[in-house]
Amino acid sequence: MTGLDQQPTSADAAALPRGPLLGFAAGSLGMGIWVTVPGLLLLYFLTDVLAVAPWLAGLALLLPKVADVLLHPWVGHRCDVEQARRGDRRRLLLLGCALPVAFAALFAVPGGLTGAPAAAWVAVLFVAGNLLFAAYQVPYLATPADLRIGYHERTRLMAFRMVVLTLGILVSGLLAPLLTGGDAATRGGYQRMGVLLAAGMLAAMLVGVAGIARLRRAAAAGAAPHAGGWRALAAALRDRQFRWLVAAYLAMSTTTHLVLAGVPYYAEYELGRPGLTTVLVAAFVAPALLVTPGWLAVARRVGKQRALLGAQGAFAAGSLVLAVGRPAGLPVLVAAVAVLGVAFAGMQLLPFSMVPDVIRAGTGAAGTYTGVWTATEATGAALGPWAYALCLAAGGFVASAAGQSVTQPDAALDAIRWGFGLLPAAAMLAALLLQRRYTLDRTARAGD
């Protein structure tokens with residue numbers, strides 16, 4: 001019996017069988033590609049392949065995410081309406097399965113476009129992709145709150161999801177830089193990468209839709225859902241526990257996406273070897289495949305809140321080591337990235353399993369809560385690369401086209417290192433302080 005197969009306590013209303021759990025988790029394989037590849041490569045694609053200035057590249061990634069603040073709660077409302085009227089959220093999930101088309105088009109920038117026109121192409125496709133991602137992600141993540149399961153079983157469900165999500169992040173994070181051409185990446189290479197990964201994304205997302213249907217048959221639905229709307233949205237925003245959890249997760253999401261965006265720059269300009277991008281991505285993501293059962297066990301023993309605070313502290317400590325840069329030595333730096341990866345596993349599992357706890361203790365409008373949550377995640381995914389782009393711009397980083405060699409000023413090299421180390425440490429410390437204000441965990445653990 002593995003850590004993920006550990007049976008729920010008597011407080012849980014239902015134990016979910018492994019087959020439906022794996023089917024549900026498969027959907028995260030596709031979502032992991034969308035979460036990872038744009039965050040890892042899109043800023044670098046703009047500045048070092050399409051000759052977009054860093055400030056404009058950061059803006060092209062930030063502005064589409066601003067729309068998500070409104071779009072995701074609206075999708076959450078529609079999600080609750082679908083659940084109330086039809087008894088499921090299947091139609092939105094199927095609409096979201098068009099995401100792979102937007103993903104492929106995102107990297108298929110027409111050959112004549114560089115600079116501002118290329119940035120506009122990416123921004124428009126990013127908006128379309130984010131909307132389709134919300135259509136899939138919101139009903140997907142509302143599923144745990146729909147099921148009649150308890151505190152620990154919700155964590156177990158999300159642990160299965162976390163392991164498969166990590167696999168998607170790892171595989172796409174390793175394959176994407178290789179498919180683009182590695183050290184000699186080209187526009188054609190990015191286009192090829194987009195098409196190939198889009199095909200895998202579509203297959204995984206369709207399996208996820210079928211898995212959700214099986215889960216709903218395996219565990220009876222919980223309380224009758226609210227239909228959402230502005231009142232439900234206002235109730236979610238008034239929920240003190242939810243506000244603190246969302247605020248902390250915004251800081252966490254911003255930090256992890258900042259680190260992800262900085263990996264190609266850190267590998268090329270600080271370590272002097274662009275090929276180390278795959279090594280750093282592997283060191284960041286691979287530990288989660290091993291340690292997720294451990295985080296599940298820790299959460300069972302000490303609670304989700306205390307486990308999450310430990311993960312945040314470990315991430316901040318590892319980031320400070322990365323700020324030292326090349327003098328620390330490659331083995332030490334890779335080990336520090338691995339520490340970040342262990343912490344990242346906890347920061348993916350624990351907050352996502354806490355959201356259903358808040359929903360069950362609040363209004364029960366799962367789609368509305370989840371829409372606000374995914375909007376927060378999307379905002380962090382934009383703020384992270386934007387913050388790193390601002391660091392590059394402040395240091396005078398020089399943008400270039402594919403195949404063009406430029407010499408970066410010393411200030412830009414310092415900005416690359418400090419933006420990859422000091423800034424994440426400070427942001428994660430803010431997340432830790434915000435997370436300490438969340439107090440629902442003990443009540444949810446005792447009463448569910």
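In the block above lies the structure referred to throughout.
In what follows, the accompanying structure is described.

The rules behind the values
- Residues numbered from 1 in each chain as written.
- Predicted model: local features only at pLDDT ≥ 70, side-chain atom pairs only at ≥ 80, totals over all residues.
- Heavy atoms only, no water.
- Core = buried A, V, L, I, M, F, W, Y, C linked by side-chain atoms within 4.5 Å.
- Buried < 20%, exposed > 50% of the residue type's maximum accessible area, 1.4 Å probe, protein only.
- Helix = DSSP H or I, 4+ residues; strand = E, 2+ residues; numbered from the N terminus.
- Contact = heavy atoms within 4.5 Å.
- Patch = residues over 30% accessible without salt bridge, like charges linked within 9 Å, V, L, I, M, F, W, Y side chains within 5 Å.
- Areas by Shrake-Rupley, 256 points an atom, 1.4 Å probe, with all protein chains shown as cover.
- Salt bridge = Lys/Arg side-chain N within 4 Å of Asp/Glu carboxyl O.
- Axes fitted to C-alpha atoms, helices over the stretch in contact; angles between N-to-C directions.
- Parallel < 35°, antiparallel > 145°, perpendicular 65-115°, else oblique.
- Left-handed = near helix turned anticlockwise from the far one by under 90°.
- Nonpolar A, V, L, I, M, F, W, Y, C, P; charged D, E, K, R; others polar.
- Phe/Tyr/Trp six-rings, centres within 6.5 Å; stacked < 30°, edge-to-face > 60°.
- Lys NZ or Arg CZ within 6 Å of the ring centre and 35° of its normal.

A short note on the nonpolar core
- In this structure, Val37, Phe103, Phe107, Leu157, Tyr190, Met193 and Tyr265 are the most contacted members of the largest nonpolar core, which totals 130 residues.
- When residues of this core are assigned to their parent elements, the largest contribution, 16 residues, is made by helix α9 (residues 240–270).
- Not counting the four nearest positions on each side in its chain, Phe103 is found in contact with Ile33, Trp34, Val37, Pro38, Met193, Gly194, Leu197, Ala198 and Met201.
- In this structure, Cys79, Ala134, Ala135 and Val138 belong to the second largest nonpolar core, which totals six residues.

Topic: a nonpolar patch on the surface
- On the surface, a nonpolar cluster with roughly 390 Å² of combined accessible area is contributed by Leu29, Leu167, Val171, Leu175 and Leu178.
- The element that contributes the greatest number of residues to the nonpolar patch is helix α6 (residues 151–179), accounting for four residues.
- Its place among the elements puts Leu29 in helix α1 (residues 18–48).
- Relative accessible area serves as the criterion here: at 30%, Leu29 is assigned to the partly exposed category.

Thoughts on the packing of helix α4 (residues 99–106) against helix α7 (residues 187–218)
- Viewed as axis vectors pointing N to C, α4 and α7 meet at an angle of 165°, and their least axial separation amounts to 8 Å. As summarised for this structure, α4 and α7 are arranged roughly antiparallel, according to the angle between their axes. Pair α4 / α7 crosses with right-handed handedness. When α4 is examined against α7, the residues Leu99, Pro100, Phe103 and Ala104 are found in contact with a partner set consisting of Met193, Gly194, Val195, Leu197, Ala198, Met201, Leu202 and Met205.
- Tallied by class, the residues present in the contact of α4 with α7 amount to 11 nonpolar, one polar and no charged.

Regarding the packing of aromatic side chains
- Counted by the stated rule, this structure contains 19 aromatic pairs.
- With 6.1 Å between their ring centres and 20° between their planes, Phe107 and Tyr190 make a pair best called stacked. With Phe107 in the loop between α4 and α5 (115–146) and Tyr190 in helix α7, this pair connects stretches of sequence that are 83 residues apart. Across the pair, exposure class does not vary: Phe107 and Tyr190 are buried alike.
- Ring-pair connections join several aromatic residues into one group, and the members of that group are Trp34, Phe45, Phe103, Phe107, Phe126, Phe133 and Tyr190.
- Positioned above the aromatic ring of Phe352 is the side chain of Arg161, whose terminal nitrogen or guanidinium carbon lies 4.4 Å from the ring centre.

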